[in-house]
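Next come the chains, spelled out residue by residue.
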Amino acid sequence: MQEETKAFQKLLSLMKELREKCPWDKKQTFQSLRHYTIEETYELTDAILQENTTEIKKELGDLLFHIIFYAQIASETNTFDIAGVIEEVCEKLIKRHPHIYGNVTAKDEEEVKKNWEKIKLTEPNNTSVLKGVPKSLPSLIKATRMLDKVSSVGFETDNKDDIYKKIHTKIKEYQEILLDKKEIPDDTKTYLFGDLLFSLINSARLLKINPEEALEKANESFLNRFQAMELLIKNDNKEIPNLSVEELRYYSRQLLQL
């Protein structure tokens, strides 16, 4: 604990010194840092996906620095400081874990999630189960979080049979769009495609599949296959822009034989 405290104090001291002496650090605001924080978060995500613990450690340090940075900026106008940030999150964690710090029983993780959402609804200004879902979240993650949250308070949007029927109906509707069987306005096309995606995400939740991870695996698979095709083409001393659609299909089929 002494080493942890010493390291944390060192970071706090460094942050204060940078704000006093570094022209770039002195200039930063909440708004100017926001985009850097988002970038650092995605870099951490990449490291986690790669299971690279060295990079995870590095990116966690970068994110921690950002948290200290925001708190330092706020402390300079007596808005809040890092001590207040830590104290508030500690209070929240204690309040939302009554099965640890109270007399509530939670037999599994699902019970913990349900209790968490119920407690949140009792807190000031929290008028909706979905209020805590950030508007700026990527839409795929936002849909997943919304479905998780409503299911945690007992709102099951569909059972497996119902959602299969819904997906089947949505696919038929989308098939008409894809095959140009009838004229449909662009905004309707967008809505129907989004509705299909939402139903698929809901089905993933029922099957305990993380849609973001599933899509990332599909992205990685496509990337690897396409780059392998590029290598085949390069080995034949050809270039992709000069190939016809049929030639590209030929090389794509070659991959299946490897």
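One structure accompanies this document, and this report is about it. (Residues numbered from 1 in each chain as written. Predicted model: local features only at pLDDT ≥ 70, side-chain atom pairs only at ≥ 80, totals over all residues. Heavy atoms only, no water.)

One pass over the full model with this rule turns up six aromatic pairs. Between the aromatic rings of Trp24 and Tyr36, the centroid separation amounts to 5.8 Å while the plane-to-plane angle is 70°, which identifies the pairing as edge-to-face. Of the two residues, Trp24 sits in helix 2 (residues 23-27) while Tyr36 sits in helix 3 (residues 30-49), which places them 12 residues apart along the sequence. Here Tyr36 falls in the partly exposed class, since its relative accessible area comes to 40%. Considering the side-chain rings of Phe65 and Phe69, the 5.5 Å spacing of their centres and the 65° angle between planes classify their relative orientation as edge-to-face. Of this pair, Phe65 and Phe69 both sit in helix 4 (residues 53-75), four residues apart, which is roughly one turn of that helix. Residue Phe69 is classed as buried on the basis of its relative accessible area, which comes to 1%. (Phe/Tyr/Trp six-rings, centres within 6.5 Å; stacked < 30°, edge-to-face > 60°. Helix = DSSP H or I, 4+ residues; strand = E, 2+ residues; numbered from the N terminus. Buried < 20%, exposed > 50% of the residue type's maximum accessible area, 1.4 Å probe, protein only.)

This next bit is on unusual backbone geometry. Phi angles above zero are rare outside glycine, and Glu51 is one such case at about 55°. Tracing the chain through its elements places Glu51 in the loop between helix 3 and helix 4. Backbone geometry at Lys208 places phi at a positive 60°, although glycine is not the residue there. Locating Lys208 in the fold gives a position in the loop between helix 10 (186-206) and helix 11 (211-235). The class for Lys208 is exposed, based on a relative accessible area of 68%.

Turning our attention to the environment of Thr37. Tracing the backbone through its elements, the reader meets Thr37 in helix 3. Judged by its relative accessible area of 16%, Thr37 is buried. Taking the C-alpha atoms as reference points, Thr37 and Gly84, separated by 47 residues in sequence, lie 20 Å from one another. Sequence-distant contacts of Thr37, defined by excluding residues within four places in its chain, comprise Leu63, His66 and Tyr70. (Contact = heavy atoms within 4.5 Å.)

Here we come to the nonpolar core. Grouped burial of nonpolar side chains is what soluble globular proteins tend to show. Core analysis: the largest hydrophobic core is formed by 10 residues, namely Leu11, Leu12, Met15, Leu33, Ile68, Phe69, Tyr70, Ala71, Ile73 and Ile82. The element contributing the most residues to this core is helix 4, with five residues. In contact with Ala71, not counting residues within four places along its chain, are Phe80, Asp81 and Ile82. Residues Met229, Ile233, Leu243 and Leu255 belong to the second largest nonpolar core, which totals five residues. (Core = buried A, V, L, I, M, F, W, Y, C linked by side-chain atoms within 4.5 Å.)

In this section: helix 3. Taking 1.5 Å as the rise per residue, helix 3 with 20 residues should run 28 Å; its terminal C-alpha atoms sit 28 Å apart, in good agreement. Restricting attention to buried positions, one finds in helix 3 the residues Leu33, Thr37, Glu40, Leu44 and Ala47. Looking at the packing, one finds that the buried side of helix 3 touches helix 2 and helix 4. Count one or two residues on from helix 3 and you reach Glu51, which has phi positive near 55°. (Expected span 1.5 Å × (residues − 1).)

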